[in-house]
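These are the residues of each chain, in order.
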Amino acid sequence: MSEMTNNNRRNSVVYPTLEPTKPAMEKNQLGMICFISSEAIFFLLLILAFVYYRNDVAPVNSPDWPTAKNSLNAPLTAFFTVFLFSSSLTIWFAERAIHAGKKLTACIWLIVTVTFGSIFIIGQGIEYADLLGEKNVTISRNLFGSTFFTMTGFHGLHVFLGLVAISIIGFMILTGAIKGKNSAALNTISVYWHFVDAVWAVIFTLVYLPLLFS
Amino acid sequence: MSEARLPLVPQKTEALPRLGSKSGFISWVASTDHKQIGIMYLLSAAVFFVIGGLEAALMRAQLGTARSTFLSPDAYNQIFTMHGTTMVFLVVVPLMIGFGVYFVPLQIGARDLAFPRLNLLGFWVLVFGGVLLYFSFVAGGAPNAGWFSYAPLSEHAYSSGVGLDYWALGLLAAGIGTVIGGINFIVTVLTMRAPGMKLTQVPMFVWTSFINSFLIILALPALNAALVMLLADRLLNAHFFTPDSGGSAVLWQQYFWTFGHPEVYIMILPAWGMLAEVIPVFSRKPLFGYQFFAASSVAIAFLSFAVYAHHMFAVGLGPAFDAFFGASTELIAIPTGVKIFNWIATMWGGKIRYTTSMLFAISFIVLFTIGGVSGVSFAIFPTDWQTEDSYYVVAHMHYVLFGGTLFGVLAATYYWFPKMTGRMLSEKWGKWNFWMTMIGFNMTFMIQHFLGLAGMPRRVYTYNDNPGWTLMNLISSVGVIFLGIATLMFFWNVWISWRKGELAPDNPWDAWTLEWATSSPPPIHNFDQLPPIRSRRPLWDLAHPEDADYLHKNPENQRSAEPPRKPEGRTADHA
Amino acid sequence: MPVFDPKSAQAEGISTLFLGILLIAFLIVLLVSGLIIYAGIKFRQKGDDKTEPRQVSGSLRMEIAWTAAPAIILIAVFIPTVMVMNQADPSIPKNLNSQVEIIGHQFWWEYQLPQEKVSLPDGKQGPVILANELHIPVGAPLYAGLESGDVNHNFWVPQLSRKIDLIKGQRNHLMLGGNVPGLYKGACAEYCGTQHAWMLLSVRVDPPDQYQAWLQQQKAVPAPPTDPKLAHGQQVFLNNTCVNCHAIYGTSALAQVGPSLTHIGGRTTIGAGIMENTSDNLKKWIKNVQVIKPGVRMPGYNSLSDQDLQDLTDYLESLK
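Note that the structure is predicted; figures quoted are calculated from it, not measured.

## Topic: the environment of Phe402 of chain B
Relative to the helices and strands, Phe402 of chain B is located in helix H13 (residues 391-421). For the pair Phe402 of chain B and Val162 of chain B, spaced 240 residues apart in the sequence, the C-alpha separation amounts to 31 Å.

So this is what it looks like as structure tokens:
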């Protein structure tokens, strides 16, 4: 109030033009990176619980105590995993197509991505059905069941939500709701999709890979 | 500040988000204006503060005398659980976020946060979590396992009521809402700063909110993961934390405190930032050691993830474990000390104006120091083996969170209220509010240090009259009466000043940051024009062009306390 | 203040260290508030002075000073910290067998002396099982193992030892001793549910001869009552659901769910410290336990006739 009112120096000082600060990154993508860092911690703890309890010993007289080794069909899951990893590649092709202005090609790649992702989800469904059915491995059976279903279940949920989002974006490109050569929405969902793949890579390495090579 | 004086650089105008311009009642539900949402955060925090405060009052009423039967044990346990949970998740964190939502965009000269709609979503998800938590009271009993809900007490076998399910679901929602807020701050600070404003030039409150957001997005998911596992145990009979079927009771503690200790800093970092705004303005000097203040906040953020196990020294995890976490916890005292001395150095050589805001800020330093040094006696783990889970902890923690955070919030409220409402808070009521809070606070909590040393454990609904216990408890309980009066005074002041307080000019305190370069309250688009930003104090530069900060050639406009080397070194006593 | 009135080497070390820390803490608070009061008075705005002070905004030298000084203090403090750690929580030889087993329950304490045996009438041997009140000999500390039977608890007798959690699935250790005979009180220091408040600890440090006398008494099996009233009391105990949870050596009741009642007459309190152990209180307890200590895992026996209740309490109180 005081001297600032009295000192009206507005006209006596010449301020040089200032360059606008360039944002380090497009904000949607940055937001997504923050979100997946948060999600990474979430998955880290679920995975750590699996690792912490992996040597959970069976009570003395329970020969059919479920473990990763005697319950999981690793080669089959490895087969479905190939589809999930491939879908990371196909969504990248879709991005490239958009940048090149080829909308139709982009849409086709997105459809391939969704198909691959769906095959993975179906694979997970088959695995769950097998476990829950004949083998009677459930979340409440023992610690392997608790940790396995919680960890893979949340991952599956993330894949599913990703598929929904990719489908919506594909649809928007098709109908022209997303225009131009640079779709922030596609770039952003692509970051998310790679993250979902990366989480699966960790889970696969920890859970299935040892089974494949033993 | 009116157009007669200010702005030289017209602000680029953008189209408003469609929902931003809602008016009337619907604006309190659907507005995406960060200022409105900020006030909504603060008001909802105020509502929960009153609830949490009444819970505290009930607890102190029960503990005022030995073997009191005022509350049943179950009622007491529910109330202390709800008090802790409410204050942490529904009061302090929303207060920190609320001030950030309101002032971070203003302080960096932005139109709004990066994601206005997400901002609104985050608020309502948080409130939904709070409502879910309190719904437990009518759904069959509130949770009663403490705000930390240690397994296996929180498991179905020992807490079969629905209270803990609501606790876990409510916190899950509140946690997600908080993460949304955190993401928004990070992106806003990185991409929305006004032209010319470097990251090293943003006000310290923006810095602390920014750092805080990293803590939020990295710590809250740890809680969410733990809650998901607890819910799986409770609802689906999983075995994560049930020792009877191989689960580990200690794993819950590891997970909870992985979140829980960063959470402690989430609850104080922005308050440090508030002080770093208030103290310079009322001392009429820039913040001393800006870079060191920011760097010490970063250091604390990093360290906060490496110290969580100091909550677990009594668990019996072994000498190596204890020694590591004891040492890392001690390290936190160093950056914290840097802050305290920087505040004092800011006051040093200034011309201090004793507004209510400044009074709260100064007492923050002292009370927070008391809380800080008593905190060191938990880092020294052999003394922790006596003090942990005693009333000594209760005293320590309230010195940090009440004497610290809440005093910071009060300082910030008296400081920023004119900007938010266009009216000044009454200084007369403010001074009364201040002294009443000081007396009540110290009376309630200082004595609790001694109660702890006399052997009183915390979370007990009653106690035997061991030597001195009743008297000390009574003093503590009487202090609450003063705190109650102080709270009433504060709300009365807000109410009466909001309605017919003295009209506030644009920049009532002669402050220097951008939020004071627009009207009070700011228009929906925040700024018509911005002053040029060439230092940390654009409004100082504008008012003192001959002694502008950017004229000082030291790196990052640093002015040194050391005497100028050359005779033409500037002195600032120019007026 | 019990924390500063230690009666064992373990607690002594903590107490001394704590006093040192508090002294440093006090000096720091004094320094900070002194600086603030000085600055607050010296640098206050005088009158209507609207001029701005010199705009100093930092000093590398001072930043280094107030970073280094606390660091030096902390390093200086960390050395005695580790020393006291070794004193208060000494490492325990691997092959040492525990002398006391402390087991936490909602909401009472169970103690077992695994190295002492009770000879039961049927020729078998049983462990010495105590509830809520422990005696230890003065001098060399006993090696105690701790575990919980249900939720987390914490053993805290401030004058005798560090505080340590009892956790199901994790065995903890403690050296528990006292230098000076006397009764030392403590409490459960980890929130454990409804009646966490009434889970008090009571450890009596006895001179050697008294300790031996006490130990012999605990090892003795109560003789079958000869007085017909007491014998009737025993029948009331055995014919009710008491036996589902409680044990009395020398009878057929051997359940270990609730506190052992073998020597209940010799205890000073009932209900883990909630009330004095008198005949009247015991009657109230049996009848209305859910009113006295709601949430405890024992039903009230409201339906007992006055005579039955009288005989039952007389019998229990006779079990010294």
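## Regarding the interface of chain B and chain C
Each partner contributes residues to the interface: chain B has 82 residues there, and chain C has 74 residues. The dominant element in the side of chain B that touches chain C, judged by the number of residues it contributes, is helix H10 (residues 319-347) of chain B, at 15 residues. Within the side of chain B that touches chain C, the residues separate by chemical class into 47 nonpolar, 21 polar and 14 charged.

## A short note on the packing of helix H5 (residues 163-191) of chain B against helix H6 (residues 204-236) of chain B
Residues and elements named next belong to chain B. Where H5 contacts H6, the two axes come as close as 8 Å, and the packing angle between them is 155°. With respect to H6, the axis of H5 lies roughly antiparallel. Here H5 runs over H6; the crossing is left-handed. Grouping the amino acids of the contact of H5 with H6 by side-chain chemistry returns 20 nonpolar, 6 polar and 2 charged.

## Some details on unusual backbone geometry
Residue and element names in this part refer to chain B. With an omega of 0°, the peptide bond between Ala151 and Pro152 qualifies as cis. With respect to the secondary-structure elements, Pro152 resides in the loop between helix H4 (116-139) and H5. Its identity as a non-glycine residue notwithstanding, Asn526 has a phi of 70°, on the positive side. For Asn526, the location among the structural elements is in the loop between helix H15 (469-500) and strand S2 (529-530). Among the residues examined, Asn526 registers 22 C-beta atoms within 10 Å and is labelled buried.

## Focus: the sheet that holds strand S5 (residues 142-148) of chain C
Residue and element names in this part refer to chain C. Within the open sheet, the 5 strands sit side by side as S3-S2-S1-S5-S8. Their pairing is mixed. What marks the edges here is a single partner per strand, and that holds for strand S3 (125-131) and strand S8 (172-176). Across this sheet, the average inter-strand angle for adjacent strands is 30°, counted without regard to direction. Pairing of S5 with S8 involves 5 bridges; the strand directions are antiparallel. If you follow Tyr143 over to S8, its bridge partner there is Met175.

About the thresholds
- Residues numbered from 1 in each chain as written.
- Chains lettered and ligands numbered in written order.
- Predicted model: local features only at pLDDT ≥ 70, side-chain atom pairs only at ≥ 80, totals over all residues.
- Helix = DSSP H or I, 4+ residues; strand = E, 2+ residues; numbered from the N terminus.
- Contact = placed C-beta atoms within 7 Å.
- Nonpolar A, V, L, I, M, F, W, Y, C, P; charged D, E, K, R; others polar.
- Axes fitted to C-alpha atoms, helices over the stretch in contact; angles between N-to-C directions.
- Parallel < 35°, antiparallel > 145°, perpendicular 65-115°, else oblique.
- Left-handed = near helix turned anticlockwise from the far one by under 90°.
- Buried ≥ 20, exposed ≤ 12 C-beta atoms within 10 Å, placed from the backbone.
- Pairing = 2+ DSSP bridges.

These results come straight from atomic positions and should not be treated as a statement about function.
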